[in-house]
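Inside the fold
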Amino acid sequence: MTPEHLPPINPSPWYAFRYSAAEGGNLTVHVRYLGARHRYAPKWRGRGDPSALSIVVANDASSVSITLPPGEGVISGQPLLTSAHYDNVLSQLTKSGGGSRIVIGQSHDSRPIEAVRLGSTDAPRLVVLLGRQHPPEVSGAFAMDAFSLKIAELVRNGSINGKEFQFLVVPLLNPDGVARGHWRGNLGGTDLNRDWGTFKQPETRAVHDWLASLPLHVRPVLMLDFHSTNRNLFYVQGDEANAQGKAFLAAWLGGKENAFAGYPFKIEPRDANPGSGTTKNWFSAKYGIPAYTYEVGDNSDPSAVRAAAEALAQNLIPSLVMPLKE
């Protein structure tokens, strides 16, 4: 198994395959990674005896051997959240939040970059939620689903003032990479989370151009970019954060590192690395706003991920409008 382009940045060796195995024999698949080490434990779904599934990872993590139960099934490194999943999520957001479903651009492969806009289009404060820049990072996608659906509920029931705040929710920014099973990049051979600022790729350019088309009175006030890594954490602004940004961080995440059952997290302040091209750094530099990377552990419990995301969504706007302390 090889990445879709070299050299990979933080390689994420994602895989998926269907199989059919007759009774009475053992079927073992050996997966050898080129340019990477084993990261994602195989997930199985299908017909057969799950107790027959056996997984052996090489000592140097350069390969994994998977012995499969007789029958038919699918093995994947992470749960498969395809375009059908996102069609359902976008429909739910539109229905539960009373929002509008829009197309903001197209990928290299002419797939639509779809979004939902919640709140009034005249609301002056815009919150941007982005997801799935990196195809295998499914635990982050679970968090974004729960987070954005809770936001939609709060807008619909009036807990969030839709005349004051609006939201752009883009849950699938790299549809080509997801459809093709890429490890990290888009069809243009680029890590999208290194393209912000240059905007050479149509997916990042779609967000940039949509933002540039906004009327002058509408301004981004917060950006969250959902990802996955080996643990739960938030990459936030460091010393470069302004007073309002520091107040928001303290109100929203401060002291909550162990507040959610089964979902401890770390806060990692990082100043922008000029030229890095990350979403976090571009939004922070362009708008002077809190711009965080919301990282979810690869193996975090899905129910804990969902509960924490809902709780954090519940407290988002109250933290964002919190007045500065004297």
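As a starting point, this report considers the structure included with it.

With respect to the pattern of salt bridges
- Overall, the coordinates contain 13 salt bridges when judged by the stated rule.
- The salt bridge partner of Arg101 is Asp87, with a shortest N-O separation of 2.7 Å. Of this pair, Arg101 sits in strand 7 (residues 100-106) while Asp87 sits in helix 1 (residues 83-97), and the two are 14 residues apart along the sequence.
- Of the residues examined, Arg101 reaches a relative accessible area of 31% and is grouped as partly exposed.
- Asp87 sits in the partly exposed class, given a relative accessible area of 40%.
- In this structure, Arg111 and Asp176 form a salt bridge, with 2.9 Å as the shortest nitrogen-oxygen distance. Here Arg111 is found in the loop between strand 7 and strand 8 (112-118), whereas its partner Asp176 is found in helix 3 (residues 175-180), with 65 residues between them in sequence.
- A relative accessible area of 28% means that Arg111 is categorised as partly exposed.
- Classification of Asp176 as buried rests on a relative accessible area of 0%.

Examining the packing of helix 1 against helix 2 (residues 138-156)
- Interaxial distance between helix 1 and helix 2 falls to 8 Å at its minimum, and their mutual angle equals 20°. Relative to helix 2, the element helix 1 is oriented roughly parallel. Considering the relative orientation of helix 1 and helix 2, their crossing is right-handed. Residues His85, Tyr86, Val89, Gln92, Leu93, Lys95, Ser96 and Gly97 of helix 1 pack against Ala141, Asp145, Ser148, Leu149, Ala152, Glu153, Val155 and Arg156 of helix 2.

Criteria and cut-off values
Residues numbered from 1 in each chain as written. Predicted model: local features only at pLDDT ≥ 70, side-chain atom pairs only at ≥ 80, totals over all residues. Heavy atoms only, no water. Salt bridge = Lys/Arg side-chain N within 4 Å of Asp/Glu carboxyl O. Helix = DSSP H or I, 4+ residues; strand = E, 2+ residues; numbered from the N terminus. Buried < 20%, exposed > 50% of the residue type's maximum accessible area, 1.4 Å probe, protein only. Axes fitted to C-alpha atoms, helices over the stretch in contact; angles between N-to-C directions. Parallel < 35°, antiparallel > 145°, perpendicular 65-115°, else oblique. Left-handed = near helix turned anticlockwise from the far one by under 90°. Contact = heavy atoms within 4.5 Å.

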